[in-house]
Amino acid sequence: MLFVCSDIHGDYQALTLTLAAFKRSGASHLISLGDVLNHGPRNPVPAHYAPLKVAEDLNNIADKIIAVRGNCDSEVDQALCHFPLLAEYNQMLLGTRKIFLCHGHNYGPNKLPPLSPGDILVSGHSHIPQAQQQDGHFVLNPGSVSMPRQDWQASYALITEQQIQVCSLVDHQELLNCPLDKN
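Fair warning: this is a prediction, and the values are worked out from it, not measured in the lab.

*Asks:* Explain the nonpolar core to me, please; I cannot follow it from the model alone.
*Replies:* Soluble, globular proteins show a tendency: their nonpolar side chains are buried together. Judged by nonpolar contacts, the single largest core of 28 residues is most densely connected at Phe3, Leu30, Leu58 and Phe83. Those elements giving two or more residues to this core turn out to be β1 (2–5), α1 (12–25), α2 (51–59), β3 (65–67) and β9 (155–159). If one sorts the elements of this core by residue count, α1 sits on top with five residues. Formed by 20 residues, the second largest nonpolar core is a distinct cluster that contains Leu33, Val68, Ala131 and Leu180.

*Asks:* Help me understand the sheet that holds strand β11 (residues 174–179), please; the structure alone is not making it clear to me.
*Replies:* Two pairing modes exist for strands in a sheet, parallel and antiparallel, and in both the strands are linked by backbone hydrogen bonds. Read across the open sheet, the six strands follow the order β3-β2-β1-β9-β10-β11; overall the sheet is mixed. Each of the sheet's edge strands pairs with one partner strand only, and the pair in question is β3 and β11. The average undirected angle you get between the axes of adjacent strands in this sheet is 20 degrees. Pairing of strand β2 (residues 29–32) with β3, which is carried by three bridges, proceeds in the parallel orientation. Each residue of the ladder has a partner; that of Leu30, found in β3, is Ile65. Those strands touched by α1 are β1, β2 and β9, and its axis lies near 165 degrees from that of β1.

*Asks:* Looking at this structure, how should I read α1?
*Replies:* Turn by turn, an α-helix covers 3.6 residues, leaving residues three or four places apart pointing in a common direction. With 14 residues, α1 extends 20 Å from end C-alpha to end C-alpha; this agrees with the ideal 20 Å at 1.5 Å per step. When we look at burial in α1, the residues that qualify are Ala14, Leu15, Thr18, Leu19, Ala21, Phe22 and Ser25. Angularly, the buried residues of α1 cover 160 degrees about the axis, an arc narrow enough to put them on a single face. Exposed and oriented more than 90 degrees from the buried face of α1 are Lys23 and Arg24. Elements that come into contact with the buried residues of α1 comprise β1, β2, α2 and β9. The distance from a side-chain oxygen at the start of α1 to the backbone nitrogen of Gln13 is 3.1 Å, and the residue carrying that oxygen is Asp11. Immediately downstream of α1, the backbone of Gly26 shows phi near 75 degrees, a positive value.

Criteria and thresholds
Residues numbered from 1 in each chain as written. Predicted model: local features only at pLDDT ≥ 70, side-chain atom pairs only at ≥ 80, totals over all residues. Heavy atoms only, no water. Core = buried A, V, L, I, M, F, W, Y, C linked by side-chain atoms within 4.5 Å. Buried < 20%, exposed > 50% of the residue type's maximum accessible area, 1.4 Å probe, protein only. Helix = DSSP H or I, 4+ residues; strand = E, 2+ residues; numbered from the N terminus. Pairing = 2+ DSSP bridges. Axes fitted to C-alpha atoms, helices over the stretch in contact; angles between N-to-C directions. Contact = heavy atoms within 4.5 Å. Expected span 1.5 Å × (residues − 1). Arc of directions from axis to C-beta. Polar contact = N/O pair within 3.5 Å; in protein donor to acceptor, adjacent residues only side chain to side chain.

Structure representation (structure tokens):
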């Protein structure tokens, strides 16, 4: 199982809940889809903004993190984090499926990278969760752990070989689920 989060934006309280959910899930790795430390110029400063504490707690599990760069991440952020943070995208395999990881500001559901049928695009950026099949492949957005939009609650995602799902950060209830049918 893989645990996916996005858009922490330096919110220490959101990260604390995220790390508790990660531990509770039993997932082998935490995938961060970017916007880790900085709140960004278009967003309000989170009430629990503590980017140094966020970096410190993430550094404690650096060996379990796979991360990509968000549009608010920079070289200054990388200097604080002990895991690679600035890759525009990353790719991994889940069985025979390719998982394409990105923040969502360059690639996303409306501007796809090369995908084969059954592959999974995983992106954040919009702060709006999504888990669905689209044109023969799958699209997953975990939403945001710190600044959800459009009346969604703070959320994260889980990926298994059988399904992609989005869960509430507060009560861990499933919000969205999409089975990964055999292709």
